[in-house]
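Architecture and fold: a report
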Amino acid sequence: MSGLGFYSADEFRRRSRSQKGGPIEEAWRDHGDHVLNPAWVNATIQSKLKDAAVLVPVIDDADGAKVILTQRTVKLRKHSGQIAFPGGAIDPEDGSPEVAALREAEEEIGLDRRFVEPLARLPDYYAATGFRITPVLAVVSRGFDLTLNPDEVDSAFEVPLSFLMDEANHQRGTRDWNGATRHFYVMPYEDREIWGITAGILRTLYERLYA
């Protein structure tokens, strides 16, 4: 398969629906930051967690699929200023992570759900900030316009899927957090640093679909 075909939206769709590694309910410990921080994750899952969902929006482009990411505003209480997927807490009326992810994408960046095709989920990501996050994989058709919510998002940008799914771009970093050392993935892209939860989810995407 050619490079463009390997990282096309059609191939992403196919791989999303036939992931490696078994059922997502049993696979979360085997991927991403969880492997790097087993003690931290074990402590996190003992706490009372809020359910959240993020949309992993992969744009269908002829020259290779691209992923929409956001830069969160510094005004937010949690994860301020970080690179993130559109997403947030699952409200009781949402009914599913898919509905919550679509709603949050509309509220944060104005991504009309008519352009979005949800495909599958990745294993949950357990965040030390108190969230159990379900990543929802989706293909996005061109034709959409984004309108950013300035209370939540400073900017939105696109990164080639081929860059994010290249293991050579997956670096490792460490940071002291609450008296302990946390290990995480870092994916520098142009003048931005993708790290933490977002990089951990992208690493899981790589391990489940492209490794």
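Just so you know, these numbers come straight off a predicted model, no measurement behind them.

A few words now on the overall build of the protein. When helices and strands are tallied, the protein shows eight helices and eleven strands. The dimensions of the protein, computed from C-alpha atoms along their principal axes, are 45 × 40 × 35 Å. Long-range pairs, those at least 24 residues apart, make up 65% of the contacts in the protein between residues at least 6 apart in sequence. Charge centroids of the protein, computed over 25 positive and 33 negative side chains, lie 4 Å from each other.

What the three strands build is an open sheet, ordered 9-10-11; its pairing is antiparallel. Edge positions in the sheet fall to strand 9 (171–177) and strand 11 (192–195), since each has one partner strand and no second. Neighbour to neighbour, the strand axes of the sheet diverge by 45° on average, direction disregarded. With four bridges connecting them, strand 10 (residues 180–189) and strand 11 associate as antiparallel partners. Bridge pairing links Val186 to Trp195 in strand 11.

With that settled, the discussion passes to the pattern of salt bridges. Scanning the entire structure with this criterion turns up 19 salt bridges. When the shortest N-O distance is used, the salt bridge between Arg203 and Glu167 registers 3.3 Å. Here Arg203 is found in helix 8 (residues 196–210), whereas its partner Glu167 is found in the loop between helix 7 (161–164) and strand 9, with 36 residues between them in sequence. Of the residues examined, Glu167 reaches a relative accessible area of 41% and is grouped as partly exposed. The shortest N-O distance in the salt bridge between Arg203 and Glu207 comes to 2.8 Å.

Our focus in this paragraph is the nonpolar core. Counting residues in hydrophobic clusters, the biggest one holds 45 residues, and the most contacted among them are Phe12, Leu161, Leu164, Met165, Ile194 and Leu205. The element best represented in this core is helix 8, accounting for eight residues. Ignoring anything within four residues of it in the chain, the contact list for Met165 reads Tyr7, Leu202, Leu205, Tyr206 and Tyr210. Grouped together as the second largest cluster of nonpolar side chains are 16 residues, Leu55, Ile68, Leu111 and Ala138 included.

Calculation criteria
Residues numbered from 1 in each chain as written. Predicted model: local features only at pLDDT ≥ 70, side-chain atom pairs only at ≥ 80, totals over all residues. Heavy atoms only, no water. Helix = DSSP H or I, 4+ residues; strand = E, 2+ residues; numbered from the N terminus. Contact = heavy atoms within 4.5 Å. Lys, Arg positive; Asp, Glu negative; His and termini not counted. Charge placed at Lys NZ, Arg CZ, Asp CG, Glu CD. Pairing = 2+ DSSP bridges. Axes fitted to C-alpha atoms, helices over the stretch in contact; angles between N-to-C directions. Salt bridge = Lys/Arg side-chain N within 4 Å of Asp/Glu carboxyl O. Buried < 20%, exposed > 50% of the residue type's maximum accessible area, 1.4 Å probe, protein only. Core = buried A, V, L, I, M, F, W, Y, C linked by side-chain atoms within 4.5 Å.

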